[in-house]
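Next come the chains, spelled out residue by residue.
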Amino acid sequence: MQKHFITLLFTLSLTGLNFANAYEMETTFHGVLDLRATVTDSLTGNYTQGGYGKFALNDGESFTLAQAGGEIALNWDNGLSVHAVANAYKNNGDFKLGLTEGYIKYSGLPNASGYRWQSKLGVFYPKISLENNAYAWASKNTLNSSSLNTWIGEEIRVLGNEITLTRLGRINKDPFDLSLTVSAFVNNDPAGSMLSWHGWTISNRQTLYTEKIQLPYFKARMQGYDLYEQASSSDPFLEVDDRVGGHVRAEIKFHKKGAISAGYYNNNGKPYIVDNGQYAWKTRFTHIDLTWLLPQGIVLTSQLLHGDTLMQSPLKTDVVNNDYTNGYIALSKRIKAHRITSRIERFNVKDNDKTVGDNNTERGKAFTLNYTYRLSKPWFLSTEFTWIDSYRPGRMYTNQPINLTERQLAFAARYFY
Amino acid sequence: MFNKLPIQIKFLFISFFIIFAPSFVANATNTLTVNVVDTNQKPLENMVVYVEPIGHKVTLKNTNTLEIGQANKAFIPYISVMQLGSKVKFNNQDNITHHIYSPVGDNKFSVKIRSGQEVIKNDFNEAGEVSMGCNIHDWMSGYMLIVDTPFFAKSDKNGNTEMVIDKSGQYKVVVWHPQMTDINNRITKTINLNSAMAVTMQLSKPMDEIPSQQNEDDFDFLSDY
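Residues numbered from 1 in each chain as written. Chains lettered and ligands numbered in written order. Predicted model: local features only at pLDDT ≥ 70, side-chain atom pairs only at ≥ 80, totals over all residues. Heavy atoms only, no water.

Here's the deal with the overall build of chain A
Helix and strand counts for chain A stand at four helices and 20 strands. The principal-axis extents of the C-alpha atoms in chain A amount to approximately 65 × 50 × 40 Å. Split into buried and exposed, the 417 residues of chain A put 56% on the buried side. A sequence separation of at least 24 residues applies to 65% of the contacts in chain A between residues at least 6 apart. Total accessible area on chain A stands at roughly 17,000 Å², and carbon and sulfur atoms take up 59% of it. A distance of 7 Å separates the average location of the 43 positive side-chain charges in chain A from that of its 38 negative side-chain charges. (Helix = DSSP H or I, 4+ residues; strand = E, 2+ residues; numbered from the N terminus. Buried < 20%, exposed > 50% of the residue type's maximum accessible area, 1.4 Å probe, protein only. Contact = heavy atoms within 4.5 Å. Areas by Shrake-Rupley, 256 points an atom, 1.4 Å probe, with all protein chains shown as cover. Lys, Arg positive; Asp, Glu negative; His and termini not counted. Charge placed at Lys NZ, Arg CZ, Asp CG, Glu CD.)

As structure tokens, then:
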């Protein structure tokens, strides 16, 4: 997989060089640095290290490099651009650095009827998150993303193409823009495994493209149980079954008011194919997204995601068969250099299979309150409190409480460039 | 003092005025004041007013270079007007690149302007309206009206424009704005101009709302997700 990614980047660079001779090029470099002092009331082992703790940090106090993200773009005058995004994290004493996205993009000019084609090719996030639209996929108004988008950052990323057709209202004298995005992709077959095995989580951590995620302990992984063949780490950006998946999304955007979008993701996994302990999971979900400007300058952001995931034994019996739902509502208001954001979330995983030693059931809710002060143009100082209350019988495999309340208080200095 | 001059000088002086009087009259400098008001008689600012001769020609050219800035991710000004054949200077005052374009009609164009740079265009070959956007910032919107007459102006906050027209005769006064809901976004009136004149142009329909060029998101570090 790493080889595929390098080949792709190499091809992209060559394409870029060809165009460089013909057109003028501009290079832009942007990113974010996020330094945090955090107090976490959680479990000893966090979910990024094979635990059940729902934050990316272990119980206790810590000073962390929560994110050092950079994106470089080479832009040609003909609308073509090449992008690479890298991220680094130093959490729990563990330093990780790598690429998270890399793609080539083309943006055409609108025609006389106001229609515009845009396309992307490479490794990228399907258009889902309404929160992570700052540089290097950082969350704009909160330090930690919602559990919905933390999952997108952990397991959903594709190697594929994406075509967007936009109808601009400005040219048609309509007060709205319409757009339709269609994507075909590979290399996202194990998506769904971490959602099943450690459940919904809340952090700003994105899985690096070459990274594997350690599984938590549960009985079914032991010898003699159904998941003994599963590797000890999940490699979410892997192609296992050689089948193409897809994502479609439609959006209507009202200028200065808001936008409504809906999409459907299906990795089209053949759920009984296994390769080196990595299964193809059949993971499908629908998402509905809303952002709206309310009176008093309050911005409402809300997303709802519902889907299922299925993984079977080579004999085609269900091993993991889960339904899941997640929704959040966030309100944010800025007064001069001050911004306050609050977010409530509800999430669940419903376990439909009979596999012994692998109970994926989960129900929970979370609340986040963030205050951010903009010290200068690039510097943002934030205080954020997060509370997660969850019911997860699977924590009994590690003798941890089934009902658990976790809290985190973070102080951050974020610098955008 | 005039009485003390020799008779020959007096004669020449008077004759001069008599002989050239018609030309002085025909080329009298007429100031035309146009006041633009809405359906409730309220003055309208930043409306384009232009005046075209009817049945005669005007040789005068107004070839001032038009400046259209891109500042705070907006076209400044929102509305511009120039005579056909003039140059336009696009001036990017932001610290990011803009990709200015117009997708419709004979004056279709597209140009990328980097931060702090200027681009001069002199190839607008047809009169008419040029609706401009930015392909990077979709909410940016600007208009340029290219007219085939040297007499044009934009109304001030009292709805007034003043044009100096050096030839008497019949003229068509036109008021244009992209958000006018009258046919072709215009109203017109024919006048006979032979002295200083004031005309009031009243819209027959209310204007549409002028679209805001401000981005809905005030966060400065958005990527293309």
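Some words on the overall build of chain B
The helix and strand tally for chain B stands at one helix and 16 strands. Rg of the C-alpha trace for chain B: 23 Å, well past the compact-globule value of 17 Å for 225 residues, more than 25% over. Projected onto its principal axes, the C-alpha positions of chain B cover 90 × 40 × 35 Å. When the 225 residues of chain B are sorted by exposure, 46% land in the buried category. Considering only contacts in chain B between residues 6 or more positions apart, those separated by 24 or more positions represent 63%. (Rg over C-alpha atoms; globule rule 2.2 N^0.38 Å.)

Observations concerning the side chain of Thr301(A)
All names here are of chain A. Within the secondary structure, Thr301 sits in strand 15 (residues 299-312). Overall, Thr301 belongs to the buried group, its relative accessible area being 14%. Ignoring anything within four residues of it in the chain, the contact list for Thr301 reads Leu130, Leu290, Thr291, Tyr328, Ile329 and Ala330.

Some remarks on the packing of aromatic side chains
Following the criterion strictly, the structure yields 29 aromatic pairs over all chains and no others. With centroids separated by 6.3 Å and ring planes inclined at 25 degrees, the aromatic side chains of Tyr415(A) and Tyr417(A) adopt a geometry described as stacked. Residue Tyr417(A) is classed as partly exposed on the basis of its relative accessible area of 31%. Aromatic pair Phe416(A) and Phe221(B): ring centres 5.2 Å apart, planes at 15 degrees, arrangement stacked. A residue pair is termed interchain when its members come from two chains, as with Phe416(A) in strand 20 (residues 403-416) and Phe221(B) in the segment after strand 16 (197-202). On the basis of relative accessible area, Phe416(A) is assigned to the buried category, the value being 1%. Grouping aromatic residues by their ring pairs yields a cluster made of Trp151(A), Phe185(A), Trp200(A), Tyr265(A), Phe285(A) and Tyr324(A). Across from the ring centre of Tyr89(A), 4.5 Å away, lies the NZ or CZ of Arg205(A), which sits over that ring. One cation-aromatic arrangement involves Lys121(B) over Phe124(B); the distance from NZ or CZ to the ring centre is 5.5 Å. (Phe/Tyr/Trp six-rings, centres within 6.5 Å; stacked < 30°, edge-to-face > 60°. Lys NZ or Arg CZ within 6 Å of the ring centre and 35° of its normal.)

A word on the sheet that holds strand 6 (residues 88-92) of chain B
Residues and elements named next belong to chain B. Taken together, the four strands give an open sheet; going across it, the order is 4-3-6-9, and neighbouring strands pair in mixed fashion. The outermost strands of the open sheet, each flanked by one partner alone, are strand 4 (74-76) and strand 9 (118-121). Each adjacent strand pair in this sheet contributes to an overall mean axis angle of 20 degrees, direction not counted. Here strand 6 pairs with strand 9 via four bridges, running antiparallel. Residue Phe90 lies in a different strand from strand 9, and its bridge partner there is Val119. (Pairing = 2+ DSSP bridges. Axes fitted to C-alpha atoms, helices over the stretch in contact; angles between N-to-C directions.)

Re the domain arrangement of chain B
Residues and elements named next belong to chain B. Domains assigned within chain B are domain 1 (28-57 + 153-205) and domain 2 (61-149). Between domain 1 and domain 2, the C-alpha centre-to-centre distance is 24 Å. Facing 13 residues of domain 1, the contacting portion of domain 2 comprises nine residues. One can count zero salt bridges joining domain 1 with domain 2. (Domains from an automatic or database assignment. Salt bridge = Lys/Arg side-chain N within 4 Å of Asp/Glu carboxyl O.)

What about the pairing of strand 16 (residues 318-335) of chain A?
All names here are of chain A. Pairing geometry for strand 15 and strand 16, over 14 bridges, is antiparallel. Each bridged residue has a counterpart across the sheet, and for Thr301 the counterpart in strand 16 is Ala330. Here strand 15 folds back onto strand 16, and the loop between the two strands holds five residues, one of which, Lys316, carries a positive phi near 65 degrees. Pairing of strand 16 with strand 17 (residues 338-351) involves 14 bridges; the strand directions are antiparallel. Residue Tyr328 lies in a different strand from strand 17, and its bridge partner there is Glu345. Counted along the chain from strand 16 to the antiparallel partner strand 17, the turn is two residues long, and its residue Lys336 has a positive phi close to 50 degrees.

Concerning the interface of chain A and chain B
Each partner contributes residues to the interface: chain A has 41 residues there, and chain B has 31 residues. Both faces considered, chain A and chain B share a buried interface measuring about 3,100 Å² in area, 45% of it formed by carbon and sulfur atoms. Inspection of the chain A/chain B interface yields six salt bridges. Here Glu26(A) and Arg114(B) are joined by a salt bridge, their closest N and O atoms 3.4 Å apart. (Buried area = accessible area lost by both parts, 1.4 Å probe.)

Here we look at the pairing of strand 11 (residues 258-266) of chain A
With nine bridges connecting them, strand 10 (residues 245-254) of chain A and strand 11 of chain A associate as antiparallel partners. Looking across to strand 11 of chain A, one finds that Phe254(A) is bridged to Gly258(A).

Topic: the nonpolar core
Core analysis: the biggest nonpolar cluster contains 27 residues, and Trp151(A), Ile152(A), Ile156(A), Trp200(A), Phe285(A), Leu305(A) and Tyr324(A) have the highest contact counts within it. Those elements that provide at least two residues to this core are helix 2 (147-155), strand 16 and strand 17 of chain A. The contacts of Leu305(A), once residues within four sequence positions are left out, are Leu148(A), Trp151(A), Ile152(A), Trp200(A), Phe285(A), Thr286(A), His287(A), Tyr324(A), Thr325(A) and Asn326(A). Of all hydrophobic cores here, the second largest spans 21 residues; its members include Ala153(B), Ile187(B), Ile191(B) and Met201(B). (Core = buried A, V, L, I, M, F, W, Y, C linked by side-chain atoms within 4.5 Å.)

Notes on the sheet that holds strand 8 (residues 109-113) of chain B
All names here are of chain B. Taken in spatial order, the five strands line up as 5-11-10-7-8 in an open sheet, and their pairing is mixed. The sheet terminates laterally at strand 5 (79-83) and strand 8, the two strands that pair on one side only. Each adjacent strand pair in this sheet contributes to an overall mean axis angle of 20 degrees, direction not counted. Judged from the five bridges that link them, strand 7 (residues 98-102) and strand 8 form a sheet pairing that is antiparallel. Opposite Tyr101, over in strand 8, you have Ser110 as the bridge partner.

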